[in-house]
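In case you want the letters, here they are:
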Amino acid sequence: MANATSSGIEKRSIEMVPDAERHGTPRSQFTLWFGANTQITAIVDGALAVVFGADALWAIIGLLIGNILGGIVMALHSAQGPQLGLPQMISSRAQFGIIGAIIPLVLVVLMYIGFASTGAVLSGQAVNLIIGVDTPAVGIIIFGALTALVALLGYKYIHVLGRISSVTGLLGFLFITVCVVTQVDVPGLISHSSFAFPAFLSAIALAVGWQLTYGPYVADYSRYLPRSTPSSKTFWFTFGGSVIGSQWSMTLGALIGAAAMTESGNEFVENQVGYVGDIVGGGVFALLIFIVILLGKLTVNTLNAYGAFMCTLTILTSFGDKATIRRWTRAVFVIGIVTLTVLVALLASADFLANFKNFVLALLMVFTPWSVINLTDYYLISKDRFDIPAFYDRAGRYGAWNWRALVAYGVGVIIQIPFLAQSFYTGPLVAKLGGADISWLVGIVVTFVLYYALIRNHGVAPKETIYPSLEDLERK
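Rules used in this analysis
- Residues numbered from 1 in each chain as written.
- Predicted model: local features only at pLDDT ≥ 70, side-chain atom pairs only at ≥ 80, totals over all residues.
- Heavy atoms only, no water.
- Helix = DSSP H or I, 4+ residues; strand = E, 2+ residues; numbered from the N terminus.
- Buried < 20%, exposed > 50% of the residue type's maximum accessible area, 1.4 Å probe, protein only.
- Contact = heavy atoms within 4.5 Å.
- Areas by Shrake-Rupley, 256 points an atom, 1.4 Å probe, with all protein chains shown as cover.
- Polar contact = N/O pair within 3.5 Å; in protein donor to acceptor, adjacent residues only side chain to side chain.
- Salt bridge = Lys/Arg side-chain N within 4 Å of Asp/Glu carboxyl O.
- Axes fitted to C-alpha atoms, helices over the stretch in contact; angles between N-to-C directions.
- Parallel < 35°, antiparallel > 145°, perpendicular 65-115°, else oblique.
- Left-handed = near helix turned anticlockwise from the far one by under 90°.
- Nonpolar A, V, L, I, M, F, W, Y, C, P; charged D, E, K, R; others polar.
- 1 Å grid on protein atoms, 1.4 Å probe; cavity = no way out; pocket = protein on both sides within 12 Å on 5 of 7 lines; lining within 4 Å.
- Points joined across faces, edges and corners; volume = space filled by probe spheres on them.

Visitor: Please give an account of the overall build of the protein that cites residues and values.
Guide: Scanning the protein from terminus to terminus reveals 20 helices and two strands. The 476 residues of the protein split such that 59% are buried. Sequence-distant contacts, at least 24 apart, represent 86% of the contacts inside the protein between residues at least 6 apart. Accessible surface computed for the protein: about 17800 Å², of which carbon and sulfur atoms make up 69%.

Spelled out as structure tokens, the structure:
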């Protein structure tokens, strides 16, 4: 059979990718995730650590710790792709059941829309600065149209865009780095840093949350790799691209955020993209950096639109046995999702940074338990042994619901509430911890212990993975 992504629009959706259609090398994961993380929203995320309390040095250290910890989890999800040949959230049916998996799926779709909307706000700034327009809606709508186009083309073209944005991101961020080092008193910012434990933990949480939000769809972009691809290579290339790209961006963000502090406020907060353009000297240099920002955001927003489409389709197919859809239906889904993100972006609050921080930390609360359950099952319970045809059959091995996983997930989310420290809610135990937010750490420990205790004697994994036949894939 011809490769489904060798030319034209991608053919596959949520069904398993057959071996005959697998291609590529794990190095592609590095370029994709490096390109997806050398972008303006990651700079903003790094700046948040400083804007909301941490000094530059400890913000950078905290962000590094968070990126490494979150990157490990993210890359462990990526390593599942070549082995199963499935989108990430389809494999959640093995833990939650066919219908039960809808609960985390709905939250994932909301995450995609939220991140895509914030990305559209920042990218709209870049588009407007490139074409010389002041109306925010113009840039947002143009960027939305570009996002829909690449997402419709699918897997192959997303990776092409990832390679392009990796190169432009590398060159652009090298230039930004030089400008920051030469224009900002970096030694002064670092040497005058003082340690504040709550702000340090907040910096770690921001980076962990950043990485964990890739977990629900990272395997979508490794599933076309040959089944023989070593899991270790998929892991390390994904980990390296995501952690290096994000830490570089966030370090720049922390330095820029610290340098932009004035007695009257923070200049970066008022105009994130324009401020970066001023740092590089304005004029043609700023124009080139705006193009770099646009390509980087286009890469990650395309990932969000594509992932939202896959998750929405997974939800809808939970009530039937159909795993494939027609291309025009796919187009309707993608265009509808992108349109929704554009509308949210147009209605976005002016208090962008504060809302973005709360958004990332709230996502950390709901996706940490999901990641723990998925990885515990894959690596410790099922041990990479799955009945793939049963992922599409409510009467099959995994059933419609798995109450044990749902209980562990629910408890894992609820147990974090007393430890939350956010602008809209502060838990009763936060004051006793000096204002530190350790909710995600509590969520990891409690979810793992409870899920493992509930499921270890009730696993339903087959003796070896059961794959569907090619005829079954074509018939669905």
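Visitor: An account of the side chain of Gln-39 is requested, with residue identities and associated values reported.
Guide: Relative to the helices and strands, Gln-39 resides in the loop between α1 (27-37) and α2 (40-51). Classification of Gln-39 as buried rests on a relative accessible area of 1%. Separated by 3.0 Å, the side chain of Gln-39 and the backbone oxygen of Ala-36 make a polar contact. A distance of 3.0 Å separates a polar side-chain atom of Gln-39 from the backbone nitrogen of Thr-41. When residues no more than four places from it in sequence are discounted, the contact partners of Gln-39 are Phe-173, Trp-210, Tyr-214, Ser-249, Gly-296, Lys-297 and Val-300.

Visitor: Would you mind going over helix α14 (residues 272-279) in detail, with residue names and values included?
Guide: Counting buried positions over the eight residues of α14 gives seven, a clear majority of the element. Those residues of α14 lying buried are Gln-272, Val-273, Gly-274, Tyr-275, Val-276, Gly-277 and Ile-279. The positive-phi residue at the C-terminal boundary of α14 is Gly-281, with phi of around 105 degrees.

Visitor: Give me the pattern of salt bridges: which residues, what numbers.
Guide: Taken as a whole and assessed by the stated rule, the structure comprises two salt bridges. Put simply, Asp-387 and Arg-397 hold a salt bridge, and the shortest N to O gap is 3.3 Å. Of the two residues, Asp-387 sits in the loop between α17 (352-381) and α18 (403-414) while Arg-397 sits in the loop between α17 and α18, which places them ten residues apart along the sequence.

Visitor: Got a sec to walk through the packing of helix α8 (residues 136-153) against helix α15 (residues 283-316)? Specific residues and values, please.
Guide: The contact between α8 and α15 brings their axes to 9 Å, and the two run at 60 degrees. Looking at the two axes, α8 sits oblique to α15. The handedness of the crossing between α8 and α15 comes out as right-handed. Between α8 and α15, the contacting residues are Phe-143, Leu-146, Thr-147, Val-150 and Ala-151 on the first element and Leu-294, Lys-297, Leu-298, Asn-301, Thr-302, Ala-305 and Tyr-306 on the second. Of the residues that constitute the contact of α8 with α15, the class distribution is eight nonpolar, three polar and one charged.

Visitor: Residues and numbers for empty space enclosed by the protein, please.
Guide: Scanning the entire structure with this criterion turns up three cavities of 30 Å³ or more. The computed volume of the largest cavity comes to approximately 90 Å³. Those elements that place two or more of their residues in the lining of the largest cavity are α7 (102-131) and α15. Residue contributions to the lining of the largest cavity peak at three residues, all from α15. Considered class by class, the residues forming the lining of the largest cavity number six nonpolar, four polar and one charged.

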